[in-house]
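# Overview (structure and organization)
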Amino acid sequence: MYAIIKASGQQFKVKEGDIICFDKMSLEPKSAVEFKEVLAVDNGELTVGTPFVEGAIVKGEVINEGRDKKVIIYKKRRRKDSKLKRGFRRDFTRVRITSIA
């Protein structure tokens, strides 16, 4: 059984017990979170919403919040003596999916 949910502007395929990193949600560890924007549910037969499946809820539990590894963006234009180096660290919230209803 799996579901496709929409969270923080992205779509995720989740199953019970999965651990997913979402964009930072500013929630306390061990708090419950519900995702009501469920695009599709497969429990033997596939149910696709228009755009969301009515009555479908995916529940999860916040594990922790943190920062990802640094991502380096490096742009170079050849023969122009033009270089640009930037980087950032993405903030995330790690969530364990507990149930799909």
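You'll find the structure just up there.
For clarity, every value in this text was computed on a predicted model and none was experimentally measured.

Calculation criteria
- Residues numbered from 1 in each chain as written.
- Predicted model: local features only at pLDDT ≥ 70, side-chain atom pairs only at ≥ 80, totals over all residues.
- Heavy atoms only, no water.
- Helix = DSSP H or I, 4+ residues; strand = E, 2+ residues; numbered from the N terminus.
- Rg over C-alpha atoms; globule rule 2.2 N^0.38 Å.
- Buried < 20%, exposed > 50% of the residue type's maximum accessible area, 1.4 Å probe, protein only.
- Pairing = 2+ DSSP bridges.
- Axes fitted to C-alpha atoms, helices over the stretch in contact; angles between N-to-C directions.
- Phe/Tyr/Trp six-rings, centres within 6.5 Å; stacked < 30°, edge-to-face > 60°.
- Salt bridge = Lys/Arg side-chain N within 4 Å of Asp/Glu carboxyl O.
- Core = buried A, V, L, I, M, F, W, Y, C linked by side-chain atoms within 4.5 Å.
- Contact = heavy atoms within 4.5 Å.

Assigned secondary structure in the protein consists of 0 helices and 8 strands. Each helix and strand of the protein, placed in order from N terminus to C terminus, yields the pattern β-β-β-β-β-β-β-β. The C-alpha atoms of the protein give 18 Å as radius of gyration, which overshoots the globular expectation for 101 residues (13 Å, by more than 25%). Principal axes of the C-alpha set define a box for the protein whose edges measure 60 × 30 × 20 Å. For the protein, the proportion of its 101 residues judged to be buried stands at 25%.

Take the sheet that holds strand S3 (residues 19-23) next. An order of S3-S8-S7-S4 is seen for the 4 strands of this open sheet, with the pairing classed as antiparallel. On the outer flanks of this sheet lie S3 and strand S4 (32-35), each paired with one strand and no other. The sheet shows a mean angle of 45 degrees between the axes of neighbouring strands, taken without regard to direction. As paired elements, strand S7 (residues 58-77) and strand S8 (residues 82-100) share 17 bridges and run antiparallel to each other. By the bridge assignment, isoleucine 73 is partnered in S8 with arginine 86.

This part is about the packing of aromatic side chains. Under the counting rule described, the total for this entry stands at 2 aromatic pairs. Geometrically, the ring pair formed by phenylalanine 12 and phenylalanine 22 is edge-to-face, given 4.8 Å between the ring centres and 75 degrees between the ring planes. In this pair, phenylalanine 12 is assigned in strand S2 (residues 10-15) and phenylalanine 22 in strand S3, connecting sequence segments 10 residues apart. Of the two residues examined, phenylalanine 12 and phenylalanine 22, each falls in the buried class. Note on phenylalanine 22 and phenylalanine 35: the rings are 5.0 Å apart at their centroids and 35 degrees apart in plane angle, and the pair reads as tilted.

Under the defined criterion, the tally for this structure stands at 3 salt bridges. One salt bridge in this structure joins aspartate 91 and arginine 67, with 3.2 Å as the shortest N-O distance. Of this pair, aspartate 91 sits in strand S8 while arginine 67 sits in strand S7, placing them 24 residues apart in sequence. Take aspartate 91: its relative accessible area is 32%, and that puts it in the partly exposed class. For arginine 67, a relative accessible area of 48% gives the class partly exposed. For the salt bridge of arginine 90 with aspartate 68, the shortest nitrogen-to-oxygen distance reads 3.7 Å. With a gap of 22 residues between them, arginine 90 in strand S8 and aspartate 68 in strand S7 connect regions that are remote in the sequence. Judged by its relative accessible area of 26%, arginine 90 falls in the partly exposed class.

What follows deals with the nonpolar core. Of all hydrophobic cores here, the largest spans 18 residues; its most connected members are Ile5, Val14, Phe22, Phe35 and Val58. Among the secondary structure elements, those contributing two or more residues to this core are strand S1 (2-7), S2, S3, S4, strand S5 (38-42), S7 and S8. Discounting chain neighbours no more than four positions away, the residues touching valine 58 are Ala3, Ile5, Val14, Val33, Glu34, Phe35, Val38, Ile97, Ser99 and Ile100.

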